[in-house]
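A closer look at the structure
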Amino acid sequence: LWTAIELKQRNPELQIVLIDKELCGYGASGSNGGCLLTLSTKLPTMCRFFGESEALRLVKASEQAVTDIQAFCQAHQIDADLRLDGALYMASNRSQVGTMNPVIGALQKHGINSWSRLDLDHARRFGGTQEMHEGFFSPVAGSVQPGLLVRGMARVARKLGIRIYEQ
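Scope of this entry: the structure provided in the associated data block. As the structure is a prediction and not an experimental result, all values here were calculated from the model.

Pairing is antiparallel in the open sheet, where 3 strands are placed in the order β3-β5-β4. Both edges of this open sheet fall to β3 (87-91) and β4 (116-117), since each of them pairs with a single strand only. Where β3 lies against strand β5 (residues 134-138), 5 bridges are found, and the strand directions are antiparallel. Note that in β5 the partner of Met-90 across the bridge is Gly-135.

Attention shifts here to the packing of aromatic side chains. Scanning the entire structure with this criterion turns up 4 aromatic pairs. Ring geometry for Phe-49 and Phe-50: centres 6.3 Å apart, planes at 45°, overall tilted. The exposure classification of Phe-49 matches that of Phe-50, with both residues exposed. Here the aromatic rings of Phe-126 and Phe-137 are separated by 5.4 Å at their centres, their planes lie at 85°, and the arrangement is edge-to-face. One end of the pair, Phe-126, is in helix α5 (residues 120-127); the other, Phe-137, is in strand β5, with 11 residues separating them in the sequence. Taking the relative accessible area as the measure of exposure, Phe-137 reaches 18% and is therefore buried.

Here we come to the pattern of salt bridges. Applying the stated criterion across every chain yields a total of 6 salt bridges. Linking Arg-10 and Glu-6 is a salt bridge whose minimum nitrogen-to-oxygen distance equals 2.7 Å. Here the residue Arg-10 and the residue Glu-6 both occupy positions in helix α1 (residues 2-10), the gap between them amounting to 4 residues, near one helical turn. Residue classification places Glu-6 among the partly exposed positions, given a relative accessible area of 36%. Where Asp-85 meets Arg-83, a salt bridge forms, and the shortest distance between an N and an O atom there is 2.5 Å. The exposure class of Asp-85 is partly exposed, given its relative accessible area of 37%. For Arg-83, a relative accessible area of 48% gives the class partly exposed.

Calculation rules
- Residues numbered from 1 in each chain as written.
- Predicted model: local features only at pLDDT ≥ 70, side-chain atom pairs only at ≥ 80, totals over all residues.
- Heavy atoms only, no water.
- Pairing = 2+ DSSP bridges.
- Helix = DSSP H or I, 4+ residues; strand = E, 2+ residues; numbered from the N terminus.
- Phe/Tyr/Trp six-rings, centres within 6.5 Å; stacked < 30°, edge-to-face > 60°.
- Buried < 20%, exposed > 50% of the residue type's maximum accessible area, 1.4 Å probe, protein only.
- Salt bridge = Lys/Arg side-chain N within 4 Å of Asp/Glu carboxyl O.

Set out below in structure tokens:
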């Protein structure tokens, strides 16, 4: 749906047809848990697999996607229960303390760090648990109800003239 909508908006003359064995959003695409997370915490790993330039592009694109989804929902009046209230990464045992340091260092090195270390008492209150040894917060994350989002996207796609055949 995202690709079809993007293509149709770029070139309204295109004739686009989507075919789905079930309903749009059935299965994995409609049940991702509703997480709007970025790839920022994967930067060091992606650098090893894809190279630094591509890894940086992917992190930036994933962060842009969070705000793009919000803007899309607002522009098309899609009530997808979208909330951009951030993400909390925490160390729930002592062996996890410090594991975010290389990630934060790599993000800071490239000037794309949205994460901040939280005071431990604040992190425990924020996370709702005393079983935390370290916490980091990024405002560039949130949640969405994936079924509502995909239904809204299908409505937008049909309105744009994209033909959808389900079942």
